[in-house]
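Listed below are the residues making up each chain.
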Amino acid sequence: MNPEQHNNPDTPLPDVVMPKCPPRNLLRGQKALVTGANSGIGRSVALHLAEEGADVVVNYIFDEQSAIDVVTEIKRKGGQAIAINADVSKENQVKAMFAQMFDEFGTIDILVNNAGIQSDAAFDEMTLEQWNKVLGINLTGQFLCAREATREFKRRGVVREISCAAGKIISMSSVHEVIPWAGHVNYAASKGGVMLMNKSLAQEVAPYRIRVNSVCPGAIRTPINRDAWETPEAYADLMKLIPYNRIGEPDDISRAVVWLASDDSDYANGISLFIDGGMTLYPGFTEGG
Ligand code: BGC
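Reading guide: rules and limits
- Residues numbered from 1 in each chain as written.
- Predicted model: local features only at pLDDT ≥ 70, side-chain atom pairs only at ≥ 80, totals over all residues.
- Heavy atoms only, no water.
- Salt bridge = Lys/Arg side-chain N within 4 Å of Asp/Glu carboxyl O.
- Buried < 20%, exposed > 50% of the residue type's maximum accessible area, 1.4 Å probe, protein only.
- Axes fitted to C-alpha atoms, helices over the stretch in contact; angles between N-to-C directions.
- Helix = DSSP H or I, 4+ residues; strand = E, 2+ residues; numbered from the N terminus.
- Parallel < 35°, antiparallel > 145°, perpendicular 65-115°, else oblique.
- Left-handed = near helix turned anticlockwise from the far one by under 90°.
- Contact = heavy atoms within 4.5 Å.
- Nonpolar A, V, L, I, M, F, W, Y, C, P; charged D, E, K, R; others polar.
- Phe/Tyr/Trp six-rings, centres within 6.5 Å; stacked < 30°, edge-to-face > 60°.
- Arc of directions from axis to C-beta.
- Near = heavy atom within 4 Å.
- Polar contact = N/O pair within 3.5 Å; in protein donor to acceptor, adjacent residues only side chain to side chain.
- Areas by Shrake-Rupley, 256 points an atom, 1.4 Å probe, with all protein chains shown as cover.
- Pairing = 2+ DSSP bridges.

1. Quick notes on the pattern of salt bridges
Across all of its chains, the model carries 18 salt bridges by this definition. In this structure, D237 and K240 form a salt bridge, with 2.8 Å as the shortest nitrogen-oxygen distance. Look at D237 and you get partly exposed, because its relative accessible area is 45%. Classification of K240 as exposed rests on a relative accessible area of 61%. One network of salt bridges, in which partners are shared, links E91, K95, R147, E148 and R151.

2. Things to note about the packing of helix α2 (residues 40–51) against helix α3 (residues 64–76)
Following both chains from N to C, one finds α2 and α3 inclined at 20 degrees, their axes separated by 10 Å at the closest point. The orientation of α2 relative to α3 falls into the category roughly parallel. In this structure, α2 crosses over α3, and the sense of that crossing is right-handed. Here α2 contributes R43, A46, L47 and A50 to the contact with α3, which in turn contributes V70, E73 and I74. Of the residues assigned to the contact of α2 with α3, the class counts are 5 nonpolar, no polar and 2 charged.

3. Observations concerning the packing of aromatic side chains
Counting across every chain of the model gives 3 aromatic pairs. Where W181 meets Y187, the ring centres are 5.7 Å apart and the plane angle is 70 degrees; that geometry is what we call edge-to-face. Judged by its relative accessible area of 28%, W181 is partly exposed. Taking the centre distance of 6.3 Å and the plane angle of 90 degrees together, the rings of Y282 and F285 count as edge-to-face. Given the relative accessible area of 63%, Y282 is considered exposed.

4. Re helix α8 (residues 232–239)
Those residues of α8 not exposed but buried are A234, Y235, L238 and M239. Down the axis, α8 shows its buried residues gathered within 140 degrees of arc, on one side only. Away from its buried face, by an angle of more than 90 degrees, α8 presents the exposed residues P232 and E233.

5. As for the site of the ligand
Inspection of the region around the ligand gives Q118, S174, H176, W181, Y187, G218, A219, I224, N225 and M279 as its neighbouring residues. A distance of 2.7 Å separates an oxygen atom of the ligand from a polar side-chain atom of H176. Taking N225, its side chain carries an N or O atom lying 3.3 Å from an oxygen atom of the ligand. Surface burial for the ligand is 90%, taken as the share of its 310 Å² of free accessible area covered by protein chains.

6. Brief notes about the side chain of H48
Within the fold, H48 resides in helix α2. On the basis of relative accessibility, which here comes to 10%, the residue H48 falls in the buried class. Apart from the residues lying within four places of it in its own chain, the contact partners of H48 are K20, D251, S254 and V258.

7. Some remarks on the sheet that holds strand β1 (residues 31–34)
Read from one edge of the open sheet, 7 strands run β3-β2-β1-β4-β5-β6-β7, paired in parallel fashion. Each end of this open sheet is capped by a strand with a single partner; those strands are β3 (81–85) and β7 (272–275). Ignoring strand direction, the axes of neighbouring strands in this sheet form an average angle of 20 degrees. As paired strands, strand β4 (residues 110–113) and strand β5 (residues 167–172) are joined by 4 bridges and run parallel to one another. Bridging across to β5, I110 finds its partner in K168. The strands touched by helix α9 (residues 250–261) within the sheet are β4, β5, β6 (210–217) and β7, with β6 carrying the most contacts at an inclination of about 170 degrees.

8. A look at the environment of L33
Relative to the elements of secondary structure, L33 occurs in strand β1. Here L33 falls in the buried class, since its relative accessible area comes to 0%. Taking the C-alpha atoms as reference points, L33 and H48, 15 residues apart in sequence, are found 13 Å from one another. In contact with L33, other than residues within four places in its own chain, are V57, N59, M97, F98, M101, I108, I110, L111 and V112.

Set out below in structure tokens:
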């Protein structure tokens, strides 16, 4: 890298991301369920868990073909995966998804509560439907899936050859579990809810050796926030919020999820791990204050 460029924070750096490390088989023999795994961060998480040796359920709600594509890619690399359709906000569909997973894989070791949506509106124009839909998927959906997983983790307990823990729940939260977000009140409320649901659940189930942690992504290049990075103008505006001066990539998040799913993080419980290029560092205070 050109050091002159490196020393000058006003010169935008190319979007360099970390080179990929060879898989370490950290999750060998484990069974994982990733909700919303057919696109964006969820897709990348499913592929990374499989590369580390986990068998993966690829949950999706729309676009079956994209879920099948993720399954095919995992199998092509020698992994095991199945796609299961379920709307995580519906109790009966969540129960049916877990039943199918247990039929096919026997149990669950890792739940990645990833499915999430945005439905943005000015507060006084937000419909109850928009509010309920976002809270339904982002918060109630995480509750329903975490509850089914917790039941199985408690029933089965620790299996030493598989993991030190009886189970791991990893939630996709957001920087907006702490950063207020005008025009996105339903979304920020859902992520604030995820934060305290997870920390309370972590406290409750820690004695069973069940670990519950959140990953809090900043701006990651996925379809959900296309408007924020697609044009050079939007990208430049976004960089005002990111001291590290590049957008995040789904792989930046997946590496953290693999760590939280593995025994490498065995003593981490109830944390919110911010992976955001410094978005939560109040970049507006870089000068002044
Ligand atoms: C949202 C993105 C947004 C990012 C940073 C995420 O949780 O889904 O749309 O770009 O937070 O604001």
